[in-house]
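# Summary of structural features
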Amino acid sequence: MDLQPTTEEEEFRQGLRAWLAATLPHLPPKPSPADWPARRAHDCAWQRALCDAGYAGLHWPVDAGGRGATPAQHLIFLEETERAGAPYVGANFVGLLHAGPTIAAEGTAAQRARWLPPILRGEEVWCQGFSEPEAGSDLASLRTRAVRDGDDYIVTGTKIWTSHAEVADWCELLARTGPAGSGHRGISWLAMPMDAPGVTVRPLRTLAGSTEFAELFLDDVRVPAENRVGAENDGWRVTMVTLSFERGTAFAGEIVACRRTLVQLARTARENGRWDDAVLRRRLGRLNAVFTALWRLVQWNTSEAQASLNAGGSGLPGIGGSVFKLRYSQARQELYDAAAEILGPHSLDAGRQWTTERLSSLAYTIAAGTSQIQQNIIAERILGLPRGR
């Protein structure tokens, strides 16, 4: 990737800045963090504004409803929206960053036409039904069953850590359609309507006090077979497409946010006298280098995906996403540990944003595949080491 902006890219940046400057002052205030229906409405209204302005699904293919933007334009969008303090994808991050790109890559024409426009317009919200109480990182051991019955699947089982399930319209669901013991060869990827009879949502309260996760109980839920993305029992491959987006590009906006937080931390350290600590200054300098390198890795992974698409390939992020996810998870925790050191006793104030972020950062070495899973992927697929026993 050529990191020097072209004239076209600079024009795109200036146009986006002008639109943000004209739009953001008129947004309503953010709702209470605990009011998820209000947060859904707020986030979806922002998504509709992006759609009306031509910025929704910026990097999605044109035939999937996107703008077909270049990797550089996509990253400029993330930089400028974060720098301006614009809302993030919020409650529909699964639809916009995971399910939507997966359907765009693997769905039929009818599936793309049904699900992608409502995602881009902010009309429908998705959640992710992958993990189970006894199948977290080891998704191949999942037990939720989907038995074919005419034109439907009858789904029974339990999911956990289902993000934003209580406000979701759809769930990207993994279920076993093959025989017991079929491992990853017997899984299918289904789009399940959340209002279907037999779906029960039980919110879970996190360490930070939020309830964005939930348990999902499925009792003979009927899902139309036409909602299966990919072939029956080919869901593991489709899932790898989903996870490649989740690990490869979905965290790009958060890197920009972390770099902004780092600047704020340095300013706070100067204000409260902690900047005189040479060890702390070196710590912040090292974090600045780490997040700069991670941003370059985001650029690399995004550029690699675009090169694949240009060559007639899948356009999916490569396994470099595991390298990024592993180091980013650690760096985010290090960032908010530094915030706690700078704030001192005030870091115990649960009302402070950085305190909440520090607690939530603990989940990043687990979410989207644990650090141990990423290490195995890097060892086997990048370094060529033998598979562990």
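The paragraphs below set out a description of the structure included in this document. Quick caveat: nothing in here was measured; it's all calculated off a predicted structure.

### Structural notes on the overall build of the protein chain
A count of helices and strands for the protein chain gives 11 helices and 8 strands. In the protein chain, buried positions account for 50% of the 389 residues. Excluding contacts between residues fewer than 6 apart, the proportion of contacts in the protein chain whose partners are at least 24 apart in sequence is 72%. Counting only carbon and sulfur atoms, one obtains 54% of the accessible surface of the protein chain, whose full area is about 18200 Å².

### Some details on the environment of alanine 105
In this structure, alanine 105 sits in helix 4 (residues 93–106). Residue class for alanine 105 comes out partly exposed when judged on its relative accessible area of 38%. A C-alpha to C-alpha distance of 9.7 Å links alanine 105 and tryptophan 60, two positions 45 residues apart in sequence.

### Quick notes on helix 4
Taking 1.5 Å of rise per residue, 14 residues should cover 20 Å, and helix 4 covers 19 Å from first to last C-alpha, within 8% of that figure. For helix 4, the tally of buried residues reaches 11 of 14 residues, placing the bulk of the element in the interior.

### Some points on the environment of arginine 237
For arginine 237, the location among the structural elements is in helix 6 (residues 235–248). The exposure class assigned to arginine 237 is partly exposed, which follows from its relative accessible area of 39%. Expressed as a C-alpha distance, the spacing of arginine 237 and histidine 184, which sit 53 residues apart in the sequence, is 8.7 Å. Of note is the side chain of arginine 237, whose polar atom sits 2.9 Å from the side chain of glutamate 106.

### Some words on the side chain of threonine 239
Turning to its location among the elements, threonine 239 is positioned in helix 6. Accessibility expressed as a relative area gives 0% for threonine 239, which makes it buried. There is a polar contact of 2.6 Å between the side chain of threonine 239 and the backbone oxygen of glycine 235. Among residues more than four places away in sequence, those in contact with threonine 239 are Phe130, Leu139, Leu174 and Trp189.

### Looking at the packing of aromatic side chains
Where two aromatic rings form a pair, the distance of their centres and the angle of their planes describe that pair. Going through the model one piece at a time under the given rule, you end up with 8 aromatic pairs. Relative to tryptophan 46, the ring of tryptophan 19 has its centre 5.6 Å away and its plane inclined at 35°; by these criteria the two rings are tilted. In this pair, tryptophan 19 is assigned in helix 1 (residues 7–23) and tryptophan 46 in helix 2 (residues 36–53), connecting sequence segments 27 residues apart. Taken as a pair, tryptophan 19 and tryptophan 46 share a single burial class, namely buried. Here tryptophan 126 and tryptophan 170 contribute two aromatic rings whose centre-to-centre distance is 5.9 Å and whose plane-to-plane angle is 25°, an arrangement assigned as stacked.

### Thoughts on the pattern of salt bridges
Overall, the coordinates contain 21 salt bridges when judged by the stated rule. Between glutamate 79 and arginine 13 there is a salt bridge; the shortest N-O distance is 3.5 Å. Of this pair, glutamate 79 sits in helix 3 (residues 71–83) while arginine 13 sits in helix 1, placing them 66 residues apart in sequence. Among the residues examined, glutamate 79 registers a relative accessible area of 17% and is labelled buried. A relative accessible area of 14% places arginine 13 in the buried class. Within the structure, one salt-bridge network assembled from shared partners comprises Arg13, Arg17, Glu79, Glu80 and Arg83.

### What about the packing of helix 4 against helix 5 (residues 109–120)?
Axes are the key here: two packed helices are described by the angle between their axes and the distance separating the axes. Between helix 4 and helix 5, whose axes approach to 10 Å, the crossing angle comes to 155°. Taken together, the axes of helix 4 and helix 5 are roughly antiparallel relative to one another. Between helix 4 and helix 5 lies a crossing whose hand is left-handed. Residues Gly95, Leu96, Gly100, Ile103, Ala104 and Ala105 of helix 4 form the contact with helix 5, whose participating residues are Gln111, Arg112, Trp115, Leu116, Ile119 and Leu120. Each residue belonging to the contact of helix 4 with helix 5 can be placed in one class, and the counts come to 8 nonpolar, 3 polar and 1 charged.

### A short note on the side chain of histidine 164
Take histidine 164: it is sitting in the loop between strand 3 (152–159) and strand 4 (170–176). Histidine 164 gets classed as buried once you look at its relative accessible area, which sits at 6%.

### Comments concerning the packing of helix 1 against helix 2
One can describe the packing of helix 1 onto helix 2 by two numbers: an axis separation of 12 Å at closest approach and a directional angle of 135°. One way to sum up the angle between helix 1 and helix 2 is to call them oblique. Relative to helix 2, the crossing made by helix 1 is right-handed. Contact with helix 1, carried on its side by Trp19, Leu20 and Thr23, involves Trp46, Ala49, Leu50 and Ala53 of helix 2 and no other residues of that element. Residue composition of the contact of helix 1 with helix 2, by class: 6 nonpolar, 1 polar and no charged.

### So, the pairing of strand 1 (residues 126–129)
Judged by which residues are buried, strand 1 turns out to be covered on both faces: Trp126 and Gln128 on one side and Cys127 and Gly129 on the other are all buried. Two strands pair when backbone bridges link them, and strand 1 and strand 4 are joined in this way by 4 bridges, in the parallel orientation. Each residue of the ladder has a partner; that of glutamine 128, found in strand 4, is glutamate 172.

Cut-offs applied
- Residues numbered from 1 in each chain as written.
- Predicted model: local features only at pLDDT ≥ 70, side-chain atom pairs only at ≥ 80, totals over all residues.
- Heavy atoms only, no water.
- Helix = DSSP H or I, 4+ residues; strand = E, 2+ residues; numbered from the N terminus.
- Buried < 20%, exposed > 50% of the residue type's maximum accessible area, 1.4 Å probe, protein only.
- Contact = heavy atoms within 4.5 Å.
- Areas by Shrake-Rupley, 256 points an atom, 1.4 Å probe, with all protein chains shown as cover.
- Expected span 1.5 Å × (residues − 1).
- Polar contact = N/O pair within 3.5 Å; in protein donor to acceptor, adjacent residues only side chain to side chain.
- Phe/Tyr/Trp six-rings, centres within 6.5 Å; stacked < 30°, edge-to-face > 60°.
- Salt bridge = Lys/Arg side-chain N within 4 Å of Asp/Glu carboxyl O.
- Axes fitted to C-alpha atoms, helices over the stretch in contact; angles between N-to-C directions.
- Parallel < 35°, antiparallel > 145°, perpendicular 65-115°, else oblique.
- Left-handed = near helix turned anticlockwise from the far one by under 90°.
- Nonpolar A, V, L, I, M, F, W, Y, C, P; charged D, E, K, R; others polar.
- Pairing = 2+ DSSP bridges.

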